Amino acid sequence: MAGRSIAFFSMEVALDPGMPTYSSGLGVRAGDAIRAAADLELPLVAVTLLHRRGSSLQRLDEADQPDDELVEEHGSSFAELAGDRSREPTVPPLDEQFFQQMPARCRVRIENRDVQIRAFKHDVSGASGQTVSVLFLDADLPDNDPRDRALTDPFHRSEDGSERDRLCQQVLLGIGGVRMLEALGYDVERYHLHEADAALLTLELLDHEAREAGRVSFNNDDIEAVRAQCLLTLHAAGTSQPDSYPLDLVGRVFEHRASDFVDMRDVFTVGALQQAIASIGSSAAILEPAPAADELNMMLLALRLSRSVNGVDLTQRPRSQARLLSDESVAAIPGGVHAASWVSEPFAELFDHHMPGWREDSSSLRAAVAIPRRHIWKSHVRAKRALARRVSRAHAVELNTAVLTLGFAQRLTGAASLDLLLADVERLKQISAEIGALQIVCCDAAQPRDRQGTQLIERIERVRAALEPDVSLVYLGPYGITMTRAVTAGVDVWVDVPAPRGEAAGQGGIKAALNGVPSLGALEGWWAKGHVECVTGWAIAEPSGRLHNTKAGRSAAPLFDKLEQAIVPLYYQDRDGFIDVMRHAIALNGSFFTAQRMLRQYASRVYFV
């Protein structure tokens, strides 16, 4: 193919509700980056896995117990096909609108078996009509061993906790992805690793460098050559430990080259990182807890072989010392969402009228501060009514569109927004009764087999009963692309309180801001930069800027104080003042935290330098 490309690797990609190819926010962020690249006409090609099963979501059964099930937001038959390995599956007619099977094949070697890989292509069109191709790798071919045909099915580790499945997935993505790009004729200039899942692509590149030099093994020159080609993006440092695999497992999966990994320990083991840290005179820690010296650590491999590492959350820099070579090794290109994908229909029509061209250049949304208040409010009421209709149809619950509505959506694990918001049920009821009526909309799901999360879902049901009739609490369950669009546009205030030293503020607040919905949140992640008190929203913090902590955990008092003293009175007593906050949320936050701006910075700082 003509021209040199940027190859963007992600374990999952979210592009359309009818494509069950994602499970988490990582896939959503990848999809937004790909759309922005198409808008900007960047020479990017994306590589991911063709997951034939949809996200594992949860619903409450008749006994109010969480019930795991595999669902798709659209009528895809991927799950049905995944269960039949006796024939070669073809993309069903329903999905032909999404996928085009490519003629090329490649193979990787797993446990001394050749595993054939094919690719399905999906083209993403940008605002100007330029397209970016996404290659979905698929191992479900009749010539493959049944164990290998199912490798691209699960999103997470299998139910028995098999590390083998996860490692094999990463072989398919990293090594198989590089080979598929080569088979299809792509000339790749840069490899962008969206998290460390694709770290094994660096080993394939090392092999290429050695072969081109006429050697059978790589050396330090090859390492530097590969580093020059690779960049790594990390999301929300500290949320979980990266994948690590015992070398005996690595030896089984890579049986044909097990001895190579013994010789390559200086590339991916703790010792190599310690030497690198010593060489730059840094006292930074590596990973906490430190991985075993005899394990293949995917994060360390990706770090060792990437010339640029970007932490998308601005608060990641000080946290990064627990995970990276040094604080200075982490760039700070803030993350962002694809504006045109998350703006609701009422606001899209409003923007088209007042700011034509916002789809091509989302930074033009800063002019939203001049949109008449009545137009902002009319569009907001339309979005709020659309959410109410969706809730009524799906849950037989009536939302009152005249009532101040708080919304949030996240993985229901740990001490997060819901946990803090419901810490004082009586005070919440008092605010609603004496200051102004409140209702709460929340959605998402606990991870499969996450007992802490399922317990929190059970708690929702108990608290919902305790709040009635003073405060209405609606739990919408599974949180996919369609629901995200409805909720982020249809509430009045977005609440985001991440767990302490855990995940940073999610991007739901950015999507809400694009629809004129201000945030109430802890100064974490993007909100640490986007917050201007009483202008773009409100911070839940002590004067020090940190959430108040007590022996029993974080105090909910700052959150309730802000509701009682600022937000609820403003909404009911000064509607023009509330709309001004809405306008500034769009103009300041919505215009800046975009995937277009993020990709422009990647292009100028990393891709083409």
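Use the structure listed above.
Anyway, here's the lowdown on the structure attached to this text. This is a predicted model, so every value here is computed, not measured.

What about the sheet that holds strand β19 (residues 537–539)?
Pairing is parallel in the open sheet, where 6 strands are placed in the order β16-β15-β14-β17-β18-β19. Sheet topology places β16 (472–475) and β19 at the edges, where each strand pairs with a single neighbour. Across the sheet, the mean angle separating the axes of adjacent strands is 20° when strand polarity is ignored. Where strand β15 (residues 438–443) and β16 come together, 4 bridges link them in parallel fashion.

Brief notes about the nonpolar core
Within the largest apolar cluster, 63 residues are counted, with the highest numbers of intra-cluster contacts made by Phe351, Leu520, Leu559 and Leu563. If we skip the residues at most four places from it in the chain, Leu520 touches Val493, Trp494, Val495, Asp496, Trp538, Ile540, Leu559, Lys562, Leu563 and Ile567. Listed in part, the 62 residues of the second largest apolar core include Val188, Phe254, Leu300 and Val309.

Some details on empty space enclosed by the protein
With the rule as written, the count across this model stands at 4 cavities of 30 Å³ or more. Roughly 100 Å³ of volume is contained in the largest cavity. Around the largest cavity sit 15 residues that line it, and Ala33, His194, His235, Val312 and Met598 are the ones nearest its centre. Those elements that provide at least two residues to the lining of the largest cavity are α1 (25–39), β8 (187–194) and α24 (595–607). Top contributing element to the lining of the largest cavity by residue count: α24, with 4 residues.

Some remarks on the side chain of Glu204
Along the chain, Glu204 falls in helix α5 (residues 201–212). A relative accessible area of 4% means that Glu204 is categorised as buried. The contact partners of Glu204, leaving out residues within four places of it in the chain, are Ile175, Val178, Arg179 and Arg211.

Here we look at the pairing of strand β1 (residues 4–9)
It is a general feature of regular strands that their side chains alternate between the two faces of the sheet. Of all 6 residues in β1, 5 are buried, a share of seventy percent or more. Two strands pair when backbone bridges link them, and β1 and β8 are joined in this way by 6 bridges, in the parallel orientation. Bridge pairing in β8 links Phe9 to Leu193. Pairing analysis gives 4 bridges linking β1 to strand β2 (residues 44–49), with the strands arranged parallel. When the sheet's bridge partners are listed, Ile6 is paired in β2 with Leu44. You can see the chain leave β1, run along α1 and come back into β2, and the turn it takes is right-handed.

Overview of the packing of aromatic side chains
Each aromatic ring pair is characterised by the separation of its centres together with the angle its planes make. Summed over the entire model, instances satisfying the criterion amount to 15 aromatic pairs. For the pair Trp526 and Phe593, a centre-to-centre distance of 5.2 Å together with 70° between the ring planes defines the contact as edge-to-face. Taken together, the positions of Trp526 in the loop between β18 (519–521) and α21 (527–530) and Phe593 in the loop between α23 (575–592) and α24 put the pair 67 residues apart, joining distant regions of the chain. You can call Trp526 buried: its relative accessible area is 6%. Taken together, the aromatic side chains of Trp377, Trp538, Tyr571, Tyr572 and Phe578 make up a single cluster linked through ring pairs.

With respect to the side chain of His122
For His122, the position within the fold is in strand β6 (residues 113–125). Among the polar contacts made by the side chain of His122, one reaches the main-chain carbonyl oxygen of Phe98 at a distance of 2.6 Å. The residues contacting His122, other than those within four sequence positions of it, are Leu15, Met19, Phe98, Val132, Ser133, Val134 and Phe136.

How each quantity is defined
Residues numbered from 1 in each chain as written. Predicted model: local features only at pLDDT ≥ 70, side-chain atom pairs only at ≥ 80, totals over all residues. Heavy atoms only, no water. Pairing = 2+ DSSP bridges. Helix = DSSP H or I, 4+ residues; strand = E, 2+ residues; numbered from the N terminus. Axes fitted to C-alpha atoms, helices over the stretch in contact; angles between N-to-C directions. Core = buried A, V, L, I, M, F, W, Y, C linked by side-chain atoms within 4.5 Å. Buried < 20%, exposed > 50% of the residue type's maximum accessible area, 1.4 Å probe, protein only. Contact = heavy atoms within 4.5 Å. 1 Å grid on protein atoms, 1.4 Å probe; cavity = no way out; pocket = protein on both sides within 12 Å on 5 of 7 lines; lining within 4 Å. Points joined across faces, edges and corners; volume = space filled by probe spheres on them. Right-handed = clockwise from strand over helix to strand, strands pointing away. Phe/Tyr/Trp six-rings, centres within 6.5 Å; stacked < 30°, edge-to-face > 60°. Polar contact = N/O pair within 3.5 Å; in protein donor to acceptor, adjacent residues only side chain to side chain.

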